[in-house]
Amino acid sequence: MELRLERLEGDDAGIILLGLDRPAAKNALGRQLMDEFRRALADLRSDPAVRVVVVHSLVPGVFCAGADLKERVGMAQAEAAAFVQGLRAAFTELEDLPMPVITALEGAAFGGGLELALASDLRVAGTDAKMGLVETALAIIPGAGGTQRLPRLIGASRAKELIFTARRIGAVEAGRLGLVDRVVPAGGALDAALALAREILPNGPVALRMAKQAVNRGLDLDRDSGLALEQACYAQVIPTKDRLEGLAAFRDKRKPLYRGE
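Quick notes on the rules
Residue numbers here run from 1 along each chain, matching the order of that chain's written sequence. Under the rules for a predicted model, residues below a pLDDT of 70 receive no local features and side-chain atom pairs below 80 are neither given nor counted, while totals for whole chains, interfaces and linings still include all residues. Only hydrogens and water are set aside when side-chain values are computed; all heavy atoms of the structure are taken into account. Comment: elements are numbered from the N terminus, with helices defined as DSSP H or I runs of at least four residues and strands as E runs of at least two. As a reference, a globule follows 2.2 Å times the number of residues to the power 0.38, and the radius of gyration itself is taken over C-alpha atoms. Two residues qualify as a contact provided that any one of their heavy atoms is within 4.5 Å of a heavy atom in the partner residue. In this description, accessible areas are obtained by the Shrake-Rupley approach with a 1.4 Å probe, and a residue is regarded as covered only by the protein chains that are shown. Under the counting rule used here, the positive set is Lys and Arg, the negative set is Asp and Glu, and His together with the chain ends is not counted. Just so you know, the charge point we use is NZ for Lys, CZ for Arg, CG for Asp and CD for Glu. Under the pairing criterion, centres of Phe, Tyr and Trp rings, with the six-membered ring standing for Trp, must be within 6.5 Å; the plane angle then separates stacked pairs below 30 degrees from edge-to-face pairs above 60, leaving the rest tilted. Think of it in three bands: with a 1.4 Å probe and only protein chains considered, a residue is buried below 20% of the maximum accessible area for its type, exposed above 50%, and partly exposed in between. Two thresholds decide whether a charge sits over a ring: the Lys NZ or Arg CZ must be within 6 Å of the ring centre and within 35 degrees of the ring normal. Under the rule applied, a polar contact is a pair of N or O atoms within 3.5 Å (in protein, one hydrogen donor and one hydrogen acceptor; residues adjacent in sequence only if both atoms are side-chain atoms). Each helix should span, by expectation, one fewer than its residue count multiplied by 1.5 Å. Picture the helix axis, draw a direction to every C-beta atom, and the arc is the one those directions span. Note on definitions: salt bridges are taken to be side-chain nitrogens of Lys or Arg within 4 Å of carboxyl oxygens of Asp or Glu. The pairing criterion for strands is at least two bridges between them, as found by DSSP. Axis geometry follows a simple rule: fit a line to the C-alpha atoms, using only the stretch in contact for helices, then measure angles between N-to-C directions, giving values from 0 to 180 degrees. To qualify as a nonpolar core, a set must consist of buried Ala, Val, Leu, Ile, Met, Phe, Trp, Tyr and Cys residues joined through side-chain atoms within 4.5 Å.

Considerations on the overall build of the protein chain
A count of helical and extended segments in the protein chain gives 11 helices and 10 strands. Expected size for 261 residues packed as a compact globule is a radius of gyration near 18 Å; at 19 Å, the protein chain falls within 12% of this value. Partitioning the contacts of the protein chain with sequence separation of at least 6, the portion at a separation of at least 24 is 68%. When the accessible area of the protein chain is evaluated, it comes to approximately 13,300 Å², of which 55% is carbon and sulfur surface. Placing the 34 positive and 34 negative side-chain charges of the protein chain at their respective mean positions leaves the two points 2 Å apart.

What follows is the structure, given as structure tokens:
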């Protein structure tokens, strides 16, 4: 197994940890790891008990070194193209998970490793994290979504600079650019990601899913189309029992207990 899925319990029930665990290859994205990754995403997508997903590394000192170039060397051109298409599809599947996804970054996150993080909703980095889309230094381009997600996150000009130069940047600069959302002391990214997940956990599950859908799908729409999308997403929460529970809890001055119904 190169991917570890852990379901937290007790007060943290609903938080899922997805841990990359391929120490011999610095979590390089090879066939087996990606097969396990996509199977895990398929299971999580249809599980109503999943509230928040946290992606992290179980390998000290590295998040993900990128695509497995040792495997890539042995691939024919058609195989290489198909593998990159598989990475692109996998990260889109991560981005399209209905629940919030947080990535905890420690150590190196280069190439496909950073593209994986870009497909999550939020990113938390330890101060020792180093990241970059370094593909042009290998005479290729970011092919797993990086050319599309990075400019949407930090702006086209800044994204072009990082991609054209293949520059590797630290967590503090990544935070300044808006590439990561929180920068914490080295070694603390997972704890900080879990703290963020715990802030999200008590909120209405259906509302969270609809809010994510409204934001993600609305990014490429004009204002009026985006507002129509928001209206359609809001309509999905109106008939829920959770909405009524929220109103009752507000009236009774107590914490709501949401069930995703």
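After that view of the structure, there is still more to cover.
Overview of the packing of aromatic side chains
This structure, assessed with the given rule, holds one aromatic pair. Pairing F37 with F91 gives two aromatic rings, centres 6.5 Å apart and planes at 85 degrees, and the pair type is edge-to-face. A residue pair is termed long-range when its members are at least 10 positions apart, and F37 in helix α1 (residues 31-45) and F91 in helix α3 (residues 77-95) qualify at 54 residues. Across this residue pair, the class does not change: F37 and F91 are buried. Stacked on the ring of F110, the Lys or Arg R168 has its end atom at 4.1 Å from the ring centre.

Focus on the side chain of E2
Along the polypeptide, E2 turns up in the segment before β1 (3-7). Given a relative accessible area of 14%, E2 falls into the buried group. From its side chain, E2 meets the backbone nitrogen of L33 in a polar contact 3.2 Å long. Other than its neighbours up to four places away in sequence, E2 contacts G19, L20, D21, R22, Q32, L33 and E36.

A word on helix α10 (residues 223-237)
Each turn of an α-helix holds 3.6 residues, which means side chains three or four residues apart point in the same direction. A rise of 1.5 Å per residue sets the reference length of α10, with its 15 residues, at 21 Å; its end C-alpha atoms lie 22 Å apart and thus fit the reference within 8%. Burial in α10 covers these residues: G226, L229, C233 and V237. Buried positions in α10, seen along its axis, are confined to an arc of 95 degrees and lie on one side of it. In α10, those exposed residues whose orientation departs by more than 90 degrees from the buried face are Q231 and Y234. Among the structural elements, α9 (205-218) and α11 (241-252) are those in contact with the buried residues of α10. Of the residues flanking the start of α10, the one acting as N-cap is D222, its side-chain oxygen 3.1 Å from the backbone nitrogen of D224.

Some points on the pattern of salt bridges
Scanning the model with the defined rule gives 17 salt bridges in all. With a closest N to O distance of 3.5 Å, E2 and R22 form a salt bridge. On the criterion of sequence distance, the pair formed by E2 in the segment before β1 and R22 in the loop between β2 (15-20) and α1 is long-range, its members being 20 residues apart. For the pair shown, E2 and R22 are each scored as buried. Of the charged contacts in the structure, one is a salt bridge between D252 and R254, with a shortest N-O distance of 3.7 Å. Note on R254: relative accessible area 37%, which makes it partly exposed. The network of salt bridges with common partners includes E245, R251, D252 and R254.

Regarding the sheet that holds strand β3 (residues 52-57)
Sheet architecture is open: six strands sit in the order β1-β2-β3-β5-β7-β10, paired in mixed fashion. The open sheet terminates on both sides in strands that have one partner only, identified here as β1 and β10 (182-184). The average angle at which neighbouring strand axes cross in this sheet is 20 degrees, direction not considered. The pairing of strand β5 (residues 101-105) with strand β7 (residues 122-126) spans four bridges and is parallel. Considered in β7, the bridge of A104 is made with V124.

Let's talk about the nonpolar core
One finds F37, V53, F91, M131 and L179 to be the most contacted residues of the largest nonpolar core, which totals 50 residues. Excluding its chain neighbours within four sequence positions, the residues that come into contact with V53 are I16, L18, L44, L97, M99, P100, V101 and I102. Counting residues in each nonpolar core, the second largest holds 18 residues, with L17, I102, A189 and I200 among its members.

What to know about the sheet that holds strand β4 (residues 62-64)
Spatially, four strands are ordered β4-β6-β8-β9 in an open sheet, and the strand pairing comes out mixed. Edge positions in the open sheet fall to β4 and β9 (169-170), since each of these has one partner strand only. Bridging between strand β8 (residues 130-132) and β9 involves two bridges; their strand directions are antiparallel. Residue pairing in the sheet places M131 in a bridge with I169 of β9.

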